[in-house]
Each structure stands twice: as structure tokens, then as C-alpha cells.
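In case you want the letters, here they are:
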Amino acid sequence: MEEINKQNNGMYAQNDNDSVDLKDWIIKFLSYWYLFIIFGCVGLAVSYVYNRYASRVYQTQAYLYIKEQTVGIDPTAMITGMSFRNAGNVDNQIAILQSFLLKERAIKNLDFEVSYYSKGRVAKTELYKDNPFTVEFDDNVYQLVGVNYGVKFLDNSRYVLTANIGKNQKYYNFIADEYVMKIKQPEINFVDTVFFGDTVDNGYNKFRLVLNGNYNIDEISEVDLSFRINDYLSLIESMGNITVTPSTKNATVVNVVARGNHPQKITNYLNQLLRGFVNRELELKNRVSENTILFIDEQLMGIQDSLSKAEFDLQNFQKGNDFMNLDAQATQLFNHLKALEQQRGEVDLNLKYYMNLKKYVEDNINEVDKLIAPSAMGIQDPLLNKLVSTLVELSAEKSIQLLTSTEKSPAVQSIDEQITQTKTALLENINNMISNAQMTMEEIDVKVNEASVKVKELPNSQRLLLGYERKFAYNDNLYNFLMQKRSEAQIVMASNTADSEIVDFSRVALTTLVSPNKKINYLIGLVLGLLIPALFIILKEFFNVKLMERKDVENATDAPIIGQVPVVDAVSETFVIDKPNSPISETFRAMRTNLEYMVKSKDKNVVLVTGDMSGVGKTFISINLASIYALYGKKTVLIGLDLRKPRLYQEFGLSNKVGVSSYLANRASLDDIIQPSGKLQSLDIAVAGPIPPNPAELIASERTDQLFKELRERYDYIIVDTAPLALVTDAILLTKRVDVTTFVVRQGVTNKNAFKAIVNNLENRGVNLSVVINGIRYQGHYGYRYGYGTYSYGYGYGYGYGYGSGSGYYDNEHDKKKRWFRK
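A word on the pattern of salt bridges. One pass over the full model with this rule turns up 19 salt bridges. A salt bridge links Glu573 to Arg647; the nearest nitrogen and oxygen atoms lie 3.4 Å apart. Residue Glu573 is found in the loop between strand E18 (561-566) and helix H16 (575-578), and its partner Arg647 is found in the loop between strand E20 (636-641) and helix H19 (648-652); the two are separated by 74 residues along the sequence. When salt bridges with common partners are traced through the structure, they connect Lys28, Glu541 and Glu549 into a single cluster.

This part is about the environment of Leu44. The topology assignment puts Leu44 in helix H3 (residues 33-53). With 482 residues separating them along the chain, Leu44 and Leu526 place their C-alpha atoms 5.6 Å apart. In contact with Leu44, other than residues within four places in its own chain, are Tyr522, Gly525 and Leu526.

This paragraph deals with the nonpolar core. Residues Leu161, Phe207 and Phe227 are the most contacted members of the largest nonpolar core, which totals 63 residues. When residues in this core are grouped by element, the largest group, seven residues, is from helix H9 (residues 263-319). Residues Ile584, Phe588, Ile628 and Val687 belong to the second largest nonpolar core, which totals 36 residues.

Right, let's talk about the packing of aromatic side chains for a bit. Counted by the stated rule, this structure contains 24 aromatic pairs. An angle of 80° between the planes, with centres 5.5 Å apart, marks the rings of Tyr116 and Phe133 as edge-to-face. Within this pair, whereas Tyr116 is found in strand E2 (residues 114-119), its partner Phe133 is found in strand E4 (residues 133-137), the two being separated by 17 residues in sequence. Each of the two residues, Tyr116 as well as Phe133, counts as buried. Among the aromatic side chains, those forming a connected cluster through ring pairs are Tyr116, Phe133, Tyr149, Phe153, Tyr159, Phe196, Phe207, Tyr215 and Phe227. Sitting above the plane of the Tyr179 ring, Lys170 keeps its charged end 4.7 Å from the centroid. When the ring centre of Tyr663 is taken as reference, the NZ or CZ atom of Arg703 above it lies at 4.0 Å.

Our next topic: the packing of helix H6 (residues 100-108) against helix H8 (residues 232-239). In contact at an axis separation of 10 Å, H6 and H8 are set at 110° when each is read in the N-to-C sense. The orientation of H6 relative to H8 falls into the category roughly perpendicular. Across from Phe100, Lys103, Glu104, Ile107 and Lys108 in H6, the residues of H8 making contact are Tyr232, Leu233, Leu235, Ile236 and Met239. Residue classes in the contact of H6 with H8 are distributed as seven nonpolar, no polar and three charged.

Right, let's talk about the sheet that holds strand E24 (residues 740-746) for a bit. Pairing in this open sheet of eight strands is mixed, and the strands run E18-E25-E24-E19-E23-E20-E22-E21 from one edge to the other. Every other strand in the sheet has two partners, leaving E18 and strand E21 (674-676) as the edge strands with one partner each. Going from strand to strand, the sheet's axes swing by 25° on average, the running direction of each strand aside. With four bridges joining them, E20 and strand E22 (residues 683-686) adopt parallel strand pairing. From the neighbouring strand, Leu638 faces E22, where its bridge partner is Ile685.

Another aspect to go through is the sheet that holds strand E12 (residues 206-211). With antiparallel pairing, the three strands of this open sheet are ordered in space as E4-E12-E11. Each edge of the sheet is formed by a strand with only one pairing partner; in this case those strands are E4 and strand E11 (199-201). Each strand axis lies, on average, 25° off the axis of its neighbour in the sheet, ignoring direction. For E11 and E12, the ladder comprises three bridges, and the chain directions are antiparallel. Along E12, the bridge assignment pairs Val200 with Phe207.

To continue, consider the environment of Asp198. Inspection of the secondary structure assignment puts Asp198 in the loop between strand E10 (188-195) and E11. Taking the relative accessible area as the measure of exposure, Asp198 reaches 38% and is therefore partly exposed. A C-alpha to C-alpha distance of 9.8 Å links Asp198 and Arg158, two positions 40 residues apart in sequence. In this structure, Asp198 is in contact with Phe207, Arg208 and Leu209, ignoring residues within four places of it in sequence.

For the peptide bond that leads from Ser515 to Pro516, omega is 0°, which places it in the cis range. By the secondary structure assignment, Pro516 is in the loop between strand E17 (512-515) and helix H14 (518-543). With a phi angle near 70°, Lys129 is a residue other than glycine that sits in the positive phi range. Turning to its location among the elements, Lys129 is positioned in the loop between strand E3 (124-127) and E4. Positive phi is not limited to glycine here, since Asn666 has a value of about 65°. In this fold, Asn666 is placed in the loop between helix H20 (660-664) and helix H21 (670-673). The exposure class of Asn666 is exposed, given its relative accessible area of 57%.

About the thresholds
Residues numbered from 1 in each chain as written. Predicted model: local features only at pLDDT ≥ 70, side-chain atom pairs only at ≥ 80, totals over all residues. Heavy atoms only, no water. Salt bridge = Lys/Arg side-chain N within 4 Å of Asp/Glu carboxyl O. Helix = DSSP H or I, 4+ residues; strand = E, 2+ residues; numbered from the N terminus. Contact = heavy atoms within 4.5 Å. Core = buried A, V, L, I, M, F, W, Y, C linked by side-chain atoms within 4.5 Å. Buried < 20%, exposed > 50% of the residue type's maximum accessible area, 1.4 Å probe, protein only. Phe/Tyr/Trp six-rings, centres within 6.5 Å; stacked < 30°, edge-to-face > 60°. Lys NZ or Arg CZ within 6 Å of the ring centre and 35° of its normal. Axes fitted to C-alpha atoms, helices over the stretch in contact; angles between N-to-C directions. Parallel < 35°, antiparallel > 145°, perpendicular 65-115°, else oblique. Nonpolar A, V, L, I, M, F, W, Y, C, P; charged D, E, K, R; others polar. Pairing = 2+ DSSP bridges.

Quick look at the structure:
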């Protein structure tokens, strides 16, 4: 029997290990089904609340086409010789799109400085373009930003203004675009009743509230409204969630995505950002022409006055003289002087440009928008144009690098070195150009002086007329030259187009809600709800040190399990005697059969019943095991050898004045201690007797051997109820005197580690050991494993009844009803 049981245990243990106990874990989880339902519902409820009250995050998108650098004709490059196409590849343009300056520019062009809110029972919703009032604040004074002002409408003319002003909030200078100071005083609660249109100046903010077209007193009288003044830096941070990605691989069309809490707000912001990006490119191209026009306009201011005066003087002179034309000699001389004066004027204008460019280089100005292209002024020096163009390109490249790097990064420092070298070469070239221009001016002046000597030889009237016409022609030619260059610059401006194009604007109708994701949140809530009880079960199993299932016993010992006794709600320990036909009684009959296999059906058997501790049910097992042998018609005696805590006499209503302790102390004979059970004719009881001072010594004495010798002569079966093994050594002393030691464990009570240590000790001593599992709960979360997961060893037939009734067994009346029902 034992060998068969070991083989079966090993086989099942191997199967269990191979399958990682999957079936067993499923059974454990199913036994807690109510926890999974409860926590699953709680998880879904939490997800519902979160989905309802969490801040909404919306997403909108637009498409931008970035032209490649080699595509198309650049009017600016054609006329000025300087290219202002997008510097670099699509990645550079993406970096510009995400730059701080571009975001700041977009926000300043929108009405985002004041945020308006409406609060419900829990959540707060932003009102954009739906606010019933408008806050007008004075940006010339420092404003405390981030303060939430509550607004409660009293009537059409008044409202209550409340605020909680913290000590860590900051003042902001909207003109300088910077924080200026923090509040150092304690927290302040502000409350005031104000008329609409009146200025509020509480020392922290200065503003006024004005009703607008969305105002309706019937709709908003019970609504909690509020507003907050925002600084540009925090707005850029909150609205800066922009992602830019190419629509396809190697494509120059990019997808620009923005996220925010209000669909209309993020739509307007994204569209403004794209417009600003496109306008920025066009502005870069137009700056050369704008600077050229500005320079020309400054020169024209003085020339226009000189030209008007020269024209006026010439007309007055001609009115006072009869002749209107010069003679041939004077005409030839006039044309010569006119050509010299025109040449002198162009050189003088170039000299002014050189001086302007030199000042730019010497002052180390890094703003390329202040440059004027040389070719725009008619200067066709290749080296000068190349150096200016190189300087512009390096400055643009540095601006792009600074979007993702700092001034101290190697890439930026390398560009700075190139800019310094280019400026040095440019300054040297300018000085040479200035020297050449001055020499040209001196040569022209010499020629003009030579011609002036010849003029003096002319008649006085001819000489005066020639002077007036020279002066008029000089200013007129210079004026026409400047106007021509101004027109050319204007043509360039009109011809410029941006290198990027908005393919598809963002639309409110196409805005999608990305957070909270209701389906995902419900799924997460359900998973977490199911995970909590699963984790609880796993941790409970992991930290459990009690024997809970048959496998725990099999893992600890190879000893056969001869019986499994469910929980019995009975007032008497003599259950088998009271209800011999119950399923529980059949369990003990199966136990008796298995013991017969262990002792190989020999006569005069002694069975020791013990446990690891008090309360596992060893006395209950002893009484009913003895009773089942007695019912079998065998002469049986139940010996109470738990000398420290005797109980048998109480269960059978016997006297405990004389017992086993008296016999072992040689104060009574065997006949003196044997008492009839009073319940079964073939069952006798030997109670423990008075508690001795030295139980272990008595049990270890030779009188114990004498006791068992005499009992074997009189009885067929001797059942010994003894003390717990984990507490005292009494049972160990008796194991060598018995045929079978039956170790009783109780589900949920017996410690696995203690049980394993004790049975290993007994096995090492060569004890013929068997195990009885007591107190099995078939309806609990471990009952299923015992009720249907047990293995057959060829004993017991009472398991087919099931143990689901309230008392844990069927009495005779219940059994009769079951048989009647089956008919």
C-alpha cells in the first residue's frame, strides 16, 4: 500500500510540476469569484468617474509643404545676389517650427493673455470665445499672473470678485516680457463687489470686466465663473506641445500636430503658428529690399530738397534772361561737367554705403536683417557680394543651431569662428573699397576743377546758367538713380514668395479627443480591478504557512494519506456511533480499510493517533476510528495516553480517578483501568487518569511495555490517543511500541514547516507513518480541491454523496429522502 501510494504521489507531483499547477491556480482564482466581480465593478466605476471628470485633451493637425532648396527661382537672389531660401533640410525647418520664438510670436498674435473658466460640480472647463465677459488689463503696469479670480454675478451691473493670492506667485512685465518679482507677504484672500466697467486696482492687478455678446444673466447667474491672467512664458509652455513629422519617408510635406484643452483654441494656435512660419520666410526675403528702400529714402530726403531748390533757382534765372539755351562751347562744357557730377554722385552714394556696412561690421552687429545687399545699390564687386552673402548664410545657420543648442556648443562656436573670419575679410574689403572710392572722388574733383577753369572763360550769363543747370542735373540724375534702385527693390518685394506653403489648415470639426481615452481607461480599470484580487490570492498563497490542500501534505512526506475528514457540525465527538450510516462514517470505514493494507491484515494491531499541536482533532479521530473498528465487530480498546490533557473520560462520561497513569505508576491493574464505553458492546475505554508530575518518565518505563503486552492479549485493535508531537516527546516514546502511527493534520491550522520537520524526524526513525487530513471545508475556497482533486487509493466510497448540506453530513432522515428522490 505504501509503495503504491509513493509511486502515485511521485507521478502526480511530476505532472503538477510539468503543468506549473495551472489547473490548481485556476481553481484558486475561481474560488474567489466574488472578489473578481466586486473589484472588477469598482475598477469600471473608477474609470467612469475618471472619464467623466478628467481634463479633456484634444488633438488637431495641419499639413505644411516645405519646398526643396533647389526648386524654383528666387527673385531676391536674381537682383541682390543673396539667397534667402530655407537654410538646410526639412529637419531644420521642423526645428524652426518648434522654436520658442515662433511659438511666442503666434501666442502674442492671439488673445490668450486671459483664460476664462466655468466650474461644474467637480471639473473646471475652459471657456474660449464663449466667456460672457472680457477682462481688459493694463499691460503698462506689472500684473500678478496665475491668480484665479472668481466671478459671481449679482445682477446686470454688479459682480462679486474673489481671489486667493499666494506668497509664491510672480509679477510679470508684459512690455519687457519677463518676470520682475515674487510676492513675499503671506497668503491673502481678496473679496470685493464691483460694477462692470469699473477698474479694479487691488495692488496686485489692474483690470476691468466688460460684458460682451455672450452675456445672459439667466444662464450664468448660478454658474461659478473665474478667470486668470497668464504670462507669455507659461502660455508657451502650456501650448508648446507641438509635434512635427514628415507625412511619408523622404517627403517634404510635414504633419504638424497640436494638443490642448480646448478644440477651438488649439486650432487657432496651430493655424497662427503655421502662418507665422510662412510669413517668417517671406519677411527674411523682404528684409534686404526693405533695408535698401529705407537707406534710399534716407538719401532721398536730402536730395529732394536740393533738387527742388536747384530747379527753382534755374527757373528764376531763366525768367530773368532772354536766352534759354547755351551756345555750342557752353553746351559741350555742360555735358562734360554733367557726366563728372553724375559719376561723382554715384561714387559718393557708394561711399556712404561702404561706411554704413563698415559700421555694421565694426559694431559686431549679429542681425543680418540690418544688412543692405551691395548689388541692390548697383555695386557689382564680386568679392564684396560673396562676403556679404556668406555672412548672411552663416548667421542663418547659427540661428538654426541655436534652436537646439547653446552658445557654448561646438557647432555654434565653429560657426562663430567662421563669422569672425568672414567679418575680418569683409572689413578689409570695405576699407579697400572706401580707399578706392575716395581716390575716385579726388580724381573726379580734379577734373571738375579743370572744367571749372574753362567755365570762368565763358560770359557771365553763360557761366551762371551753366552753374544752375549743373546743380540741377546733378541732383536730378542722383534722384533718378535712387528712385530706380528703389523701384527695383519694390519689384523684388512684390516678386518674393515663401518657400513653404500651408497645404491643409487645422479645422475644429476634425479635432479629436485623445484624453481621456474612454475605452482604454475602462480596459485599464477592469484589468486593475481583476489584478487586485489575483495579486491578493497570489500573495496569500505565497505567505501562507498552513496546510491547505492535499498537495501540501504530499510535498512534505511520502507517507500515505489514509483519510480525509470534512468539517462536521456535531455536538458530540462520538459521531460514528451516533450516525453510523452518514458519509462521515464511510470516511472512517475507508480509513480502517487503508490501515488494514498498512499492517498487512495481521491480528492484534496497535494504532497510535497523534498530531503536531492541540486542536487538530486527534482525539476526534481516535474516538471515531476506535468506534468504526468496534462497529466492525472487533474487540477494540481506546487508550488515553495524553496524560497531560486528558479528554476521553469527558466524551464518554466516565470517571478519571483511575486510569493509565495509575497503571503506569503501578497503583492499579489493567482490570482497574478498563471501563466499558457504554455505547458499543465491543468498545472499551482506558482513560488517562490523574495527571502525573512525570508523564514522559512513566511512558518510557517498562510498565508501558507491560501494558501493551496485556492489551494485545485481550483486544483485536488498540487505538492510542496521545499528546501532540510538537509540544512533548510522549508520542515519540510510544511509536516503537505500535504498529502504525497516524498523524492528524487540520486544514488551515497545521503549520507546513512544523509538519514537514516532524514527519521527516519520524520517517528517519523508521516509524510506520500514515496521515489523516481533518477539517476539510468543501464549500470554502479550498474545498473544491479536496472534494474533487483527491486521488483514489482503493478505499472509501462515501465521497459520492457530496458535503454541501448545512451540517456537513446527511443523517438517516436525509438519507431516506435522497433514496426516495432517486426513485
